Amino acid sequence: MKAARRDYSLLGPERQRAFERGLASGQWYQCPVPRKRMKELMQRSDHPALERAILWFALILGTGALAVWSWGSWWGIPAFFLYGTIVTGAADSRWHECGHRTAFKTQWMNDWIYQFACFFLYREPTVWRWSHARHHTDTIIVGRDPEIITPRPPDILGLILTIFNLKGGLLTIRNVFLHAVGRISDEEKDYIPESEWPKLVITARIWIAIWAAIIALSLVMWSWLPIVLLMLPQFYGHWLVLFFGMTQHIGLADDVLDHRLNTRTVYMNPVFRFLYSNMNYHVEHHMFPQVPFHALPALHEEIKDDCPEPYPSTWAAYKEIFPTIFRQLREPDYWVQRKLPPRKQLAPEADDVATVPAE
Amino acid sequence: MSWVRVCGADEIDEEDVIRFDHGGRTFAVYRSPENEYYATDGLCTHEKVHLADGLVMDDIIECPKHNGRFNYKTGEAKGAPVCINLRTYPVKVEADTVYIDID
């Protein structure tokens, strides 16, 4: 018998069910790491993020200059595609790390790059700071997590539209205008506290002012160039966001309190790791979000014996993801069950941490 | 005043925090880089996570779950995702022993 399609909204019956099952704000499994070692791994530094930020901005300027130079020729198509991939595709992990405020030790650097990345992703800073906090509280808990990319059965059309951000991006543009006049949805109110609503309204108005300035510049120049350069990479450069993002959780378990079961760690090449800021160590990130991106490989070494086998490559991850998506179309109850290693000898203080399996 | 013994002064590393449970309540007790001691409620005001698992940086404690930050000397919440201040408690050190006033 086919299971009924679940309601993934944050205000539907699954929300109550998550609370009743103890899944909302639950106690998540953590691999045992001695406090002394964890303190070393948590230490912040400006240098790794600064080096990467300088390289990122240099690439944005370089590819942007190439795109402007090729404007009007057919070379403009690959040039803008490359520029969009750098400015928007690589913005996702910068948005993420700076949103956690772990990328830089200096907080204003985190905050400024967070705002910059939000603009080039069409993610409202306040909305996404809070939605991501909820994503970490209730990772892939149906009815609680607002950042589930696709439900079971998968929304194929939605995934295709997300390649070029035609779902979330267009929705954000609409929401910015609603937020600018103070209209906040009930779902947003579920995870954004009232004290933060004024920030949402102010930022929406600032974004509209920036958009208006870009459009005005285009009119003055009588050219689409400013719009294509500053308001459209959020669409044509978005494919990389989905490319990396799909490896994180899709096809794995939902409604569990163990990131080893609902999250992937994927070994990636150095170019991908630069573009993705080491977020391929995603189990590690979710289990210990206070560890900055540059320490995730070391954290991985620390806990890998207590985790399922990592995926050896992006290709290997996708060899699982795509067949799983198509199988879930026919069998919505199917998910990939990660094989956990035998329980590691736990440190005494970690012995009371429990894993709660799905029903 | 209700002073309760927490631990020996050397049992907390410099620029670190420990968890202290007493009477069904949980506290976080800090030793600053200046070798001063402070105490706050033990759970983050955002999602009730133990702050003692977090990172102490100068006068800041960062929650291990969502990276919310507080000034542990004043209890001040330093911005999203923490919006509610932490309660702080008086601390004294006598004969190399740390006490907090939990009233």
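Residues numbered from 1 in each chain as written. Chains lettered and ligands numbered in written order. Predicted model: local features only at pLDDT ≥ 70, side-chain atom pairs only at ≥ 80, totals over all residues.

A word on the overall build of chain A
Looking only at helices and strands, chain A features 19 helices and zero strands. Against the globule reference of 21 Å for 359 residues, chain A gives a C-alpha radius of gyration of 21 Å, in line with a compact fold. Here the C-alpha coordinates of chain A stretch approximately 65 × 45 × 40 Å along the principal axes. The buried share of chain A, reckoned over its 359 residues, is 42%. (Helix = DSSP H or I, 4+ residues; strand = E, 2+ residues; numbered from the N terminus. Rg over C-alpha atoms; globule rule 2.2 N^0.38 Å. Buried ≥ 20, exposed ≤ 12 C-beta atoms within 10 Å, placed from the backbone.)

Description of the overall build of chain B
In terms of regular secondary structure, chain B is built from zero helices and 10 strands. Each helix and strand of chain B, ordered N terminal to C terminal, gives the series β-β-β-β-β-β-β-β-β-β. The C-alpha radius of gyration computed for chain B amounts to 12 Å, which stays within 12% of the reference 13 Å derived for 103 residues, consistent with globular compactness. Its C-alpha atoms give chain B principal-axis dimensions of roughly 40 × 30 × 20 Å.

Concerning the interface of chain B and chain A
At the junction of the two partners, chain B supplies 12 residues and chain A supplies 16 residues. A breakdown of the residues in the side of chain B that touches chain A according to their chemical character gives six nonpolar, three polar and three charged. (Contact = placed C-beta atoms within 7 Å. Nonpolar A, V, L, I, M, F, W, Y, C, P; charged D, E, K, R; others polar.)

Remarks on the nonpolar core
Among the nonpolar cores identified, the biggest contains 87 residues, and A:Ala117, B:Val17, B:Ala28, B:Val29, B:Tyr30 and B:Ile61 are the most heavily contacted of them. Residues contacting B:Ile61, with those up to four places away along its chain left out, are B:Val17, B:Ala28, B:Tyr30, B:Leu51, B:Gly54, B:Val56, B:Phe70 and B:Tyr72. Counting 11 residues, the second-largest nonpolar core is a separate cluster that includes A:Trp28, A:Ile140, A:Leu257 and A:Leu261. (Core = buried A, V, L, I, M, F, W, Y, C linked by C-beta atoms within 7 Å.)

Notes on the sheet that holds strand β9 (residues 91–94) of chain B
All names here are of chain B. In spatial order, the strands read β1-β10-β9; together these three strands make up an open sheet with antiparallel pairing. In the strand order of this sheet, the two ends are held by β1 (3–8) and β9, each with one partner. Taking the axes of each pair of neighbouring strands and ignoring which way they run, one obtains an average angle of 30° across the sheet. Bridge count for β9 against strand β10 (residues 97–101) is four bridges, and the pairing is antiparallel. Bridge pairing in β10 places Val93 opposite Val98. (Pairing = 2+ DSSP bridges. Axes fitted to C-alpha atoms, helices over the stretch in contact; angles between N-to-C directions.)

Digging into the packing of helix α3 (residues 47–69) of chain A against helix α4 (residues 76–89) of chain A
Residues and elements named next belong to chain A. Two elements in contact, α3 and α4, have axes separated by 8 Å at closest approach and are oriented at 160°. When the axis of α3 is compared with that of α4, the two are roughly antiparallel. The handedness of the crossing between α3 and α4 is left-handed. Note on element contacts: α4 touches α3 through Gly76, Ala79, Phe80, Leu82, Tyr83, Ile86 and Val87, opposite Leu59, Ile60, Thr63, Gly64, Leu66 and Ala67. Of the residues that constitute the contact of α3 with α4, the class distribution is 10 nonpolar, three polar and no charged. (Parallel < 35°, antiparallel > 145°, perpendicular 65-115°, else oblique. Left-handed = near helix turned anticlockwise from the far one by under 90°.)

Let's talk about unusual backbone geometry
Following A:Arg152, the chain continues into A:Pro153 via a peptide bond in cis, with omega recorded as -5°. Considering the arrangement of structural elements, one finds A:Pro153 in the loop between α7 (125–137) and α8 (156–163). A cis amide bond, omega 5°, links B:Ala80 with the succeeding residue B:Pro81. Its identity is not glycine, yet A:Ile140 carries a phi of approximately 55°, on the positive side. The backbone of B:Asn67 sits at a positive phi, close to 65°, despite the residue not being glycine. By the element assignment, B:Asn67 lies in the loop between β6 (60–62) and β7 (69–71).

Section: the sheet that holds strand β5 (residues 55–57) of chain B
Backbone-to-backbone hydrogen bonds pair the strands of a sheet. The strands run either parallel or antiparallel. Residues and elements named next belong to chain B. One open sheet accounts for three strands, arranged β5-β6-β7; its pairing is antiparallel. Each having just a single partner strand, β5 and β7 make up the two edges of the open sheet. Along the sheet, successive strands turn relative to each other by an average axial angle of 25°, direction set aside. Across three bridges, β6 lies against β7 in antiparallel orientation. Within the sheet, the bridge partner assigned to Glu62 lies in β7 and is Arg69.

Comments concerning the packing of helix α9 (residues 168–180) of chain A against helix α11 (residues 197–221) of chain A
The relative placement of two packed helices comes down to the angle between their axes together with the axis-to-axis distance. All names here are of chain A. Taken N-terminus to C-terminus, the directions of α9 and α11 make an angle of 120°; their axes are 8 Å apart at the nearest point. Classed by the angle they form, the pair α9 and α11 counts as oblique. When the axes of α9 and α11 are compared, the crossing they make is left-handed. Where α9 abuts α11, its residues Val176, His179 and Ala180 lie against Leu200, Val201, Ala204, Arg205, Trp207 and Ile208. For the contact of α9 with α11, the residue count by class is seven nonpolar, one polar and one charged.

Some remarks on the pairing of strand β3 (residues 25–31) of chain B
Residues and elements named next belong to chain B. Among the seven residues that make up β3, five are buried, leaving the element largely enclosed by the rest of the structure. Pairing of strand β2 (residues 16–22) with β3, which is carried by seven bridges, proceeds in the antiparallel orientation. Bridged to Asp21 within β3 is Thr26. Hairpin connection from β2 to β3: two residues lie between these consecutive antiparallel strands, with Gly23 at a positive phi of about 60°. Where β3 lies against strand β4 (residues 37–41), five bridges are found, and the strand directions are antiparallel.

Brief notes about the environment of B:Asp13
Inspection of the secondary structure assignment puts B:Asp13 in the loop between β1 and β2. Spatially, the C-alpha atoms of B:Asp13 and B:Tyr30 are 8.7 Å apart, while their sequence positions differ by 17 residues.

Some words on α7(A)
Over its 13 residues, α7(A) extends 18 Å from the first C-alpha to the last, a length consistent with the 18 Å expected when each residue adds 1.5 Å. In terms of residue burial, α7(A) counts as a mostly covered element, since 13 of its 13 residues are buried. (Expected span 1.5 Å × (residues − 1).)

It is worth stressing that arrangement in space is one thing and function is another; only the former is reported here.
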